[in-house]
Amino acid sequence: MPGYPYAPYNPYQQQPGVPQAGHQRPKRRNLGRIFAQALTLVALVVLAFFGGWFAHQLFGNSFSTPSSTDSRAYSNLIQQAWNVIDQHYVDRKAVNYKNMSYAAIRSMVDSLKDRGHTRFMTPEEVQSENQQLSGKFIGIGIYLHQDPKTKDLSIASTIPGAPAEGAGLKRGDILLSVNGQDVRGKDTTAVSTLIKGEAGTSVTIKVQRPGQNQPLTFKIERKEINVPNVILHYIPEEHVAHIQIVQFTNGVSDQLRDALQQAKDKGAKKYILDLRDNPGGYLNEATQIASMFVKSGNVLIEKDSSGRETPVPVTGNTIDTQSTLVVLINTNSASAAEIVTAALKDNNRAFVIGDPHTFGTGTVLQQYSLSDGSAILLGIQEWLTPKGKFIRDNGVEPNQVVKLPDSSAPLTPADENSGNYSLQKILSSGDTQLIAALKYLQNH
């Protein structure tokens, strides 16, 4: 992804942020934060969702002085306003210099209208983002889904081997309280905040399990969790591998390479690459993944402020350029996920199925660290699809539009593995997008 179209989903959504390209390390990924998504990785594992990708290149703290007359004049205006407040505001207890600084920076960034991409991050948010992209989290390891009508928060799935799974939490459990605090009706962000904590500490969660009369209470110790960002489910009846990329974290291309080999060893002849709710990640990872399937051509085109366009070609390190491939997307597929989708679509390598469009990232982000550990993720380039389309706001359109019912959540390979899903069970799951992918593969 060019830069840091950073955005996101917490692993299953995990619901989360990217042409980003790395915290970087050189240009950042475009992780633009992923707004209300249906699934959220609670880190407990839940860190914010990012929709974007890092470009792997760090500009550091090299700031130049204002270059234009207007720039100098208005930067002085800001200083004047600061001084007036500092010297004359009557309620001295209300004068908080940190809050004033952060509010001013956020307002400047928001005025650029680079939705979901260019943004300000506090030191805590920088740390969380670094942790998210490393693929490791402190938490209990659950994915949450919020019913759009009832607002009930239920467990979409647990991370294999994580504390939540070991304690006995199961898919479908409805959260009632966290540490004694009622969470019914609260959103995933508020609940994830309650679940978060340091490694070695415990959290008590009360759930209502469907089919049981009495609530169940679990006391779970938080631990560091290595989150798998590539998950495979093999469907032997169709020789199809359903592979989800949760987020384009560091090393995810190696994970996909291993998953593809495992799928082939099992007998896979066709593939579903599931990028739904993928918020993005590192640009170099997106480039490597697109290159696995495309023999020649471009992954994307970078465009700078002068209008100069620079193609980013595939690497030549292919894995499979022939097998039938379907890519699944939704409106939460962002940044790096959009880059891979557009690369495979424009190069006629994959058939894309899903929502009418993806999130619509289009900026290459660069991280600029500030003196207190906060940072600005700034759009320094735009990126275009291989055919030259600028997707910001409009997103990548699928070859076949298939919407998921409001009452359903995407069926992930983790769900399929934990539930021992057969082909027939998948076809009756209600995941219309996955079902459409299987039907397409049956005919191609």
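This one's a predicted model, so the numbers in the text were calculated from it and none came from an experiment. (Residues numbered from 1 in each chain as written. Predicted model: local features only at pLDDT ≥ 70, side-chain atom pairs only at ≥ 80, totals over all residues. Heavy atoms only, no water.)

Peer 1: Looking at this model, I keep getting lost on the overall build of the protein chain. Mind explaining?
Peer 2: Helices and strands together make up the secondary structure of the protein chain, namely eleven helices and 24 strands. A burial count over the protein chain gives 52% of its 444 residues as buried. Approximately 18800 Å² of the protein chain is accessible, and the part contributed by carbon and sulfur atoms is 48%. (Helix = DSSP H or I, 4+ residues; strand = E, 2+ residues; numbered from the N terminus. Buried < 20%, exposed > 50% of the residue type's maximum accessible area, 1.4 Å probe, protein only. Areas by Shrake-Rupley, 256 points an atom, 1.4 Å probe, with all protein chains shown as cover.)

Peer 1: Just checking my understanding: could you explain the packing of aromatic side chains for this structure?
Peer 2: Ring pairs (aromatic) are described by centroid distance and by the angle formed between their planes. Under the definition given, this model contains three aromatic pairs. Plain terms: the ring middles of Phe351 and Tyr440 are 4.1 Å apart, the flat faces sit at 5 degrees to each other, and that makes the pair stacked. Of the two residues, Phe351 sits in strand β21 (residues 351-354) while Tyr440 sits in helix α11 (residues 432-442), which places them 89 residues apart along the sequence. There is no split in this pair, since Phe351 and Tyr440 are both buried. Positioned over the ring face of Tyr421 is Lys425, at 4.4 Å from the centre of the ring. (Phe/Tyr/Trp six-rings, centres within 6.5 Å; stacked < 30°, edge-to-face > 60°. Lys NZ or Arg CZ within 6 Å of the ring centre and 35° of its normal.)

Peer 1: Please explain a nonpolar patch on the surface as it appears in this structure.
Peer 2: Taken together, the side chains of Ile85, Tyr89 and Val90 make up a nonpolar region of the molecular surface, amounting to roughly 310 Å² of accessible area. Here Val90 shows up in the loop between α1 (69-88) and α2 (97-110). Judged by its relative accessible area of 73%, Val90 is exposed. (Patch = residues over 30% accessible without salt bridge, like charges linked within 9 Å, V, L, I, M, F, W, Y side chains within 5 Å. Salt bridge = Lys/Arg side-chain N within 4 Å of Asp/Glu carboxyl O.)

Peer 1: It is not clear to me how the confidence of the model for the protein chain should be interpreted in this structure. Could you clarify?
Peer 2: Detailed conclusions should not be drawn from predicted coordinates in areas where pLDDT is low. With 84% of its residues at a pLDDT of 70 or more, the protein chain has an overall mean of 83. In this model, residues 1-63 is a region of pLDDT below 50 whose contacts with residues beyond four sequence positions or in other chains number 492 contacts. (pLDDT = per-residue confidence, 0-100. Contact = heavy atoms within 4.5 Å.)

Peer 1: I tried to follow the packing of helix α6 (residues 252-266) against helix α7 (residues 283-293) on my own but got confused; where do I start?
Peer 2: Pairs of packed helices are described in terms of their axes, by the angle between the two and the distance that separates them. Look at α6 against α7: their axes get within 8 Å of each other, and the N-to-C directions meet at 25 degrees. As summarised for this structure, α6 and α7 are arranged roughly parallel, according to the angle between their axes. Note on element contacts: α7 touches α6 through Glu285, Gln288, Ile289, Met292 and Phe293, opposite Val252, Ser253, Leu256, Arg257 and Leu260. Across the contact of α6 with α7, the residue classes tally to six nonpolar, two polar and two charged. (Axes fitted to C-alpha atoms, helices over the stretch in contact; angles between N-to-C directions. Parallel < 35°, antiparallel > 145°, perpendicular 65-115°, else oblique. Nonpolar A, V, L, I, M, F, W, Y, C, P; charged D, E, K, R; others polar.)

Peer 1: Where do I start with the pairing of strand β17 (residues 270-274) in this structure?
Peer 2: The two faces of a sheet get side chains in turn, since along a regular strand they alternate between them. Burial runs high along β17: four of the five residues are buried. Pairing geometry for strand β16 (residues 240-245) and β17, over five bridges, is parallel. What sits directly across from Gln244, in β17, is Asp274. Crossover handedness for the path β16 to α6 to β17: right-handed. (Pairing = 2+ DSSP bridges. Right-handed = clockwise from strand over helix to strand, strands pointing away.)

Peer 1: Just checking my understanding: could you explain α11 for this structure?
Peer 2: Turn by turn, an α-helix covers 3.6 residues, leaving residues three or four places apart pointing in a common direction. Within α11, eight of the eleven residues are buried, which leaves it mostly tucked inside the rest of the structure. Looking at α11, one finds that the buried residues are Gln433, Leu434, Ile435, Ala436, Ala437, Leu438, Tyr440 and Leu441.

Peer 1: Looking at this model, I keep getting lost on the pairing of strand β7 (residues 136-139). Mind explaining?
Peer 2: Of the two faces of β7, only one is covered, namely that formed by Phe137 and Gly139; the face formed by Lys136 and Ile138 stays uncovered. In terms of strand pairing, β7 meets strand β14 (residues 223-226) through four bridges, oriented antiparallel. Counterpart to Phe137 in the pairing with β14 is Ile225.

Peer 1: Any chance you could explain the sheet that holds β16 here in plain terms?
Peer 2: In sheet architecture, strand pairing relies on hydrogen bonds along the backbone and comes in two forms, parallel and antiparallel. Taken together, six strands build an open sheet; the order of strands is β15-β16-β17-β20-β21-β24 and the sheet is mixed. Of all the strands in the sheet, the pair left with one neighbour each is β15 (230-235) and β24 (400-401). With respect to the sheet, α11 is in contact with β15, β16, β17, β20 (324-329), β21 and β24, its orientation differing from that of β20 by roughly 165 degrees.

Peer 1: What am I meant to see in the side chain of Thr287 here?
Peer 2: With respect to the element layout, Thr287 can be found in helix α7. A relative accessible area of 9% places Thr287 in the buried class. Here Thr287 is in contact with Val299, Val312, Pro313 and Thr315, once residues within four sequence places are set aside.

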